[in-house]
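# Structure assessment
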Amino acid sequence: MSIRIGVAQFAATTDKQANLATAIELIERAAADGLELVVLPENSMYSNPDPTADISGAVESLDGPFATGVREAAKRLGIAVVAGMTERLQDDRRASNTVIAADAGGELVGVYRKVHLYDAFGYRESDRIKPADFVPLTFKLGGLTFGVMTCYDLRFPEIARLLVDAGANAIIVPAAWVVGPSKEDHWTTLARARAIENTSYLVVSGQTGPSCTGQSMIIDPMGVIAASAGEAPGIASATVTADRVDQVRAKNPSLANRRFTVSAG
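What you are looking at is a predicted structure, and each value in this text was computed from that prediction instead of being measured. The written sequence of each chain sets the order in which its residues are numbered from 1. This being a predicted model, a pLDDT of at least 70 is required before a residue's local features are given, and a value of 80 or more before pairs of side-chain atoms are given or counted; all residues contribute to the totals for chains, interfaces and linings. Side-chain figures throughout are based on the complete set of non-hydrogen atoms in the structure, without hydrogens or water.

### Some details on the environment of valine 204
Where helices and strands are cited, they refer to DSSP runs of H or I of at least four residues and of E of at least two residues respectively, numbered from the N terminus. Of note, valine 204 is situated in strand 9 (residues 201–206). Throughout this description, buried means an accessible area under 20% of the type-specific maximum (1.4 Å probe, protein chains only), exposed means over 50%, and partly exposed covers the range between. A residue is classified by how much of its surface remains accessible, and valine 204, at 0% relative accessible area, is buried. Between two residues, a contact is recorded if the distance between any of their heavy atoms is within 4.5 Å. Residues in contact with valine 204, not counting those within four places in the same chain, are Val7, Val173, Trp187, Ala191, Ser216 and Met217.

### Some details on the layout of surface pockets
In this analysis the probe radius is 1.4 Å and the grid spacing 1 Å, with only protein atoms considered; a cavity is a set of points the probe fits into but cannot get out of, a pocket is an open set with protein on both sides within 12 Å along at least five of seven lines, and lining residues have an atom within 4 Å of a point. Grid points are joined across faces, edges and corners, and a volume is the space filled by probe spheres set on the points. By volume, the largest pocket amounts to about 480 Å³. In terms of lining residues, the largest pocket is bounded by 27 residues, among which Asn43, Ser47, Asn48, Pro49 and Tyr123 are the most central. Tallied by class, residues from the lining of the largest pocket come to 13 nonpolar, 10 polar and 4 charged. Each residue is assigned to one of three groups, with Ala, Val, Leu, Ile, Met, Phe, Trp, Tyr, Cys and Pro labelled nonpolar, Asp, Glu, Lys and Arg labelled charged, and all others, Gly among them, labelled polar.

### Description of the side chain of serine 200
The residue serine 200 is located in the loop between helix 4 (183–198) and strand 9 in this model. Within the local environment of serine 200, its side chain forms a polar contact with the backbone oxygen of asparagine 198, the two atoms lying 2.7 Å apart. A polar contact is formed between the side chain of serine 200 and the side chain of arginine 249, at a distance of 2.9 Å. If near-sequence neighbours (up to four positions away) are discounted, serine 200 is found in contact with Val164, Ala168, Asn169, Ala170, Ala195, Ile219, Asp220, Pro221 and Arg249. Whenever a nitrogen or oxygen atom comes within 3.5 Å of another N or O atom, the pair is scored as a polar contact, on the condition that within protein one atom can donate a hydrogen and the other can accept it, and that pairs from neighbouring residues in sequence are kept only if both atoms are in side chains.

### Details of the packing of helix 3 (residues 157–165) against helix 4
Packed helix pairs are characterised by how far apart their axes lie and by the angle those axes make with each other. Taken N-terminus to C-terminus, the directions of helix 3 and helix 4 make an angle of 40°; their axes are 10 Å apart at the nearest point. Overall, the two elements helix 3 and helix 4 adopt an arrangement that is oblique. Both helix 3 and helix 4 take part in a crossing whose hand is right-handed. For the pair helix 3 and helix 4, contact is made by Pro157, Ala160, Arg161 and Val164 and by Arg194, Glu197 and Asn198, respectively. For the contact of helix 3 with helix 4, the per-class residue count stands at 3 nonpolar, 1 polar and 3 charged. Angles here are taken between N-to-C directions and fall from 0 to 180 degrees, while the axes themselves are lines fitted to C-alpha atoms, restricted in helices to the stretch in contact. Reported orientations rely on four angle classes, namely roughly parallel under 35 degrees, roughly antiparallel over 145, roughly perpendicular from 65 to 115, and oblique for the rest. What makes a crossing left-handed is the near helix being turned counterclockwise from the far one by less than a right angle; a clockwise turn instead makes it right-handed.

### Side note on empty space enclosed by the protein
Tallying each qualifying case throughout the model produces 1 cavity of 30 Å³ or more. Estimated volume of the largest cavity: approximately 40 Å³. If you go around the largest cavity, the residues you meet are Tyr118, Cys151, Tyr152, Arg155, Ala176, Trp177, Val178 and Lys183. The residue inventory of the lining of the largest cavity, partitioned by class, reads 6 nonpolar, no polar and 2 charged.

### Looking at the nonpolar core
Within this scheme, the nonpolar core is defined by two criteria: the residues are buried Ala, Val, Leu, Ile, Met, Phe, Trp, Tyr or Cys, and they are joined through side-chain atoms within 4.5 Å. Ranked by size, the top nonpolar core spans 48 residues in total, and within it Leu37, Met149, Leu154 and Ile172 carry the most contacts. In terms of residue count, strand 8 (residues 170–175) provides more of this core than any other element does, 5 residues in total. Apart from residues no more than four positions distant in its own chain, leucine 37 is found in contact with Ile3, Arg4, Ile5, Gly6, Ile79, Ala80, Val81, Val82, Leu141, Phe146 and Ile172. Membership of the second largest hydrophobic core comes to 31 residues, among which are Ala12, Ala95, Leu117 and Ile129.

### Digging into the sheet that holds strand 9
When DSSP locates at least two bridges between a pair of strands, those strands are taken to pair. Spatial strand order, 6-7-8-9-10-11: 6 strands in an open sheet with mixed pairing. Strands with a single pairing partner mark the edges of an open sheet, and in this sheet they are strand 6 (138–141) and strand 11 (225–228). When strand polarity is set aside, the average angle formed by the axes of neighbouring strands in this sheet is 20°. Pairing of strand 9 with strand 10 (residues 217–219), which is carried by 3 bridges, proceeds in the antiparallel orientation. In the sheet register, leucine 202 faces strand 10, and the bridge partner there is isoleucine 219. Running over the sheet, helix 4 touches strand 8, strand 9, strand 10 and strand 11 and is turned about 155° from strand 9.

So yeah, pure geometry; function would need other evidence.
See below:
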């Protein structure tokens, strides 16, 4: 069994209506190309590169305009969608960096709230975002089990391994990978490493410039880049199969040979 998936990239701004319109346009393009799943970047709903900006007026609930618009597009076009948003929390002044997953019927199949916050490279995401406790989001599609994490999570191999232990053989990573010296190389290297060490697909979708690197990719379980979107807004796609995962895991049984386990702290 095979499935055609895509990674769609663009540069979100503080204009939420424009961001939603762009997201829907990319979902429409993906569906027109016959894709069954499209992954949009982290913070697709709203993005402000100023770490000191007040975002309290921009947050939305899971039944707000952005999540509703994405789900309606998924249902209308018959395509599964994963996308990042900034979610309002009832118990904290900060928001949640949240990823939603909708199936081809527009149903919300799950959410993932970011665990590792980007307090690095001179940035402090935790000033505005609350770190979540780890609750794995996995869903099945096309014979594969997809697990979800977000951007900076990519630097922590434990979370990818926890998703694999939860059954994932393909890992989705919506991101807004900020530009900077060596950052694009880190993005590619880390994504390929997570694919190789977990013998799993990596499906990474990043925002584009000027603030972020773009370079959305689909990486196969052997670490081969099967599709790349480059720097400009657009979509890259590839066909993925559970058989490919099985073949790689038979050749490289590193998961079966491991001597240590990982647990959520």
